[in-house]
Amino acid sequence: MGLIWDETFVLGIDEIDLQHRSIVEHFTKFSEAVQDGSAKEVLADLADFLVEYGQMHFATEETYMQKYDYPRIDEQRHEHEEFTLDTLELRKRIEEEGASRELSIALTGRMVRWVIQHIRKHDRDMVNFVKERMAEESKAV
Ligand SMILES: [Fe+2]
Ligand SMILES: [Fe+2]
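Residues numbered from 1 in each chain as written. Chains lettered and ligands numbered in written order. Predicted model: local features only at pLDDT ≥ 70, side-chain atom pairs only at ≥ 80, totals over all residues. Heavy atoms only, no water.

So, on to the coordination of the iron ion (ligand 2). Note on the iron ion (ligand 2): its protein donors are Glu61 (OE), Gln76 (OE1), His80 (NE2), His118 (NE2) and Asp123 (OD). The metal-donor distances range over 2.1 to 2.3 Å. Mapped onto the sequence, the donors of the iron ion (ligand 2) take the spacing E-x14-Q-x3-H-x37-H-x4-D. The distance between the iron ion (ligand 2) and the iron ion (ligand 1) comes to 3.4 Å, and Glu61 binds to both of them. Taken together, the residues span a long stretch of sequence, with Glu61 in helix α2 (residues 40-67) and His118 in helix α4 (residues 101-140) at a distance of 57 residues. Like His118, Glu61 is buried. (Donors = N, O, S within 2.8 Å, 3.2 Å for Na, K, Ca; no water. Helix = DSSP H or I, 4+ residues; strand = E, 2+ residues; numbered from the N terminus. Buried < 20%, exposed > 50% of the residue type's maximum accessible area, 1.4 Å probe, protein only.)

Rendered as structure tokens:
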């Protein structure tokens, strides 16, 4: 399953959108690297990026959610946890198996579905909520 960044991922808060773009683009690179039979080190570097950048991104979203009292923060945290566990599992399996076909199909497919659904549904709901609160705030000033 391919993942290509397009405008359907744009939610309207630049900081979050740029981070999503980077995550999606690194997933694209990862899928290509698996298909091309790239060296284990290349895959490991990309997986490391996804682990670390994912953490940073979730912290960014958490800051917005806390600042604007997003009511579904626990749901977001739970989903983020799931992604983090998957990226760590991905990293471990690259170390153990290299670029196996099973890895590319099973785990990567699952993660790609997660990214698409999470950004388009969960993050969209959250960003819409935050944007409304920001608009109210700017009116109040
Ligand atoms: Fe996100
Ligand atoms: Fe999120």
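Having seen the structure, we can now continue with the description.
As a further point, take the side chain of Thr87. Examined against the element boundaries, Thr87 turns out to sit in helix α3 (residues 73-97). In this structure the side chain of Thr87 is engaged in a polar contact, spanning 2.8 Å, whose partner is the backbone oxygen of Thr84. In this structure, Thr87 is in contact with Leu50, Val51 and Met111, ignoring residues within four places of it in sequence. (Polar contact = N/O pair within 3.5 Å; in protein donor to acceptor, adjacent residues only side chain to side chain. Contact = heavy atoms within 4.5 Å.)

The protein atoms that coordinate the iron ion (ligand 1) are His20 (NE2), His57 (NE2), Glu61 (OE) and Asp123 (OD), at distances spanning 2.0 to 2.2 Å. For the iron ion (ligand 1), the four donor atoms in the first shell make angles of 83 to 169° at the metal, a pattern classed as irregular. Between consecutive donors of the iron ion (ligand 1), the numbers of intervening residues give the motif H-x36-H-x3-E-x61-D. Residue classification places Asp123 among the buried positions, given a relative accessible area of 0%. (Tetrahedral: all angles 85-135°; square planar, octahedral: opposite > 155°, others 65-115°.)

Right, let's talk about helix α1 (residues 14-35) for a bit. Taking 1.5 Å per residue as the helical rise, α1 with its 22 residues ought to reach 32 Å, and the 31 Å between its terminal C-alpha atoms agrees with that figure. Of the residues trailing α1, Gly37 is marked for its positive phi of about 65°. (Expected span 1.5 Å × (residues − 1).)

Here we come to the packing of α2 against α3. Interhelical geometry of α2 versus α3 gives an angle of 170° and a closest axis separation of 9 Å. When the axes of α2 and α3 are compared, the pair comes out roughly antiparallel. Taken together, the residues of the contact of α2 with α3 break down into twelve nonpolar, seven polar and seven charged. (Axes fitted to C-alpha atoms, helices over the stretch in contact; angles between N-to-C directions. Parallel < 35°, antiparallel > 145°, perpendicular 65-115°, else oblique. Nonpolar A, V, L, I, M, F, W, Y, C, P; charged D, E, K, R; others polar.)

Any link to function would need more than the numbers given here.
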